[in-house]
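Each chain, letter by letter, is given below.
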Amino acid sequence: AIPTLVTKKSCSELQLIICDGDPQECSQLDSAIQSVFVNAKRRRCGWHIVEKGLTNHVGRCLGGKNHKNRKAIDNLIREIK
């Protein structure tokens, strides 16, 4: 569908596609890159990498939801957004 919305030349000129890291999205984008966006590279969004890292790793390392600094961690994540 995308090549019908924009020209084939435009698709081939695209150099970077940024995604949030969802496995299904990445798989679909990788397929589209091979067949439609042949000169593009896929990268993960820096914000999603940091936010997921803070949420999934830092918070867990500090004791999860019951840690005394949990509110500060949640505030930091909100500020990054």
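These notes cover the structure that comes with them. Owing to the predicted nature of the structure, the values given are computational and were not obtained by experimental measurement. (Residues numbered from 1 in each chain as written. Predicted model: local features only at pLDDT ≥ 70, side-chain atom pairs only at ≥ 80, totals over all residues. Heavy atoms only, no water.)

**Re the pattern of salt bridges**
For the record, the criterion: Every case where a carboxyl oxygen of Asp or Glu lies within 4 Å of a side-chain nitrogen of Lys or Arg is listed as a salt bridge. Counting from the N terminus, the helices are DSSP H or I runs at least four residues long and the strands are E runs at least two residues long. Any residue under 20% of the maximum accessible area for its type is buried, any over 50% is exposed, and the rest in between are partly exposed; the area is computed with a 1.4 Å probe on protein chains only.
Under the criterion given, the structure shown has 2 salt bridges. Residue Lys-9 is joined to Glu-13 by a salt bridge in which the shortest nitrogen-to-oxygen separation is 2.5 Å. Remark: Glu-13 and Lys-9 occur in helix α2 (residues 8–13); sequence separation between them is 4 residues, near one turn of the helix. Residue Lys-9 is classed as exposed on the basis of its relative accessible area, which comes to 56%. With a closest N to O distance of 2.7 Å, Asp-30 and Arg-42 form a salt bridge. Taken as a pair, Asp-30 in helix α3 (residues 23–35) and Arg-42 in strand β2 (residues 41–44) lie far apart in primary sequence, 12 residues in all.

**Some thoughts on the nonpolar core**
Definition in use: For the purposes of this section, nonpolar cores are sets of buried Ala, Val, Leu, Ile, Met, Phe, Trp, Tyr and Cys residues that join through side-chain atoms within 4.5 Å.
Within the largest apolar cluster, 9 residues are counted, these being Cys-11, Ile-17, Cys-19, Cys-26, Leu-29, Ala-32, Ile-33, Phe-37 and Ala-40. When residues of this core are traced back to their parent elements, those giving at least two are β1 (16–19) and α3. Ranked by the residues each element gives to this core, the list is headed by α3, at 4 residues.

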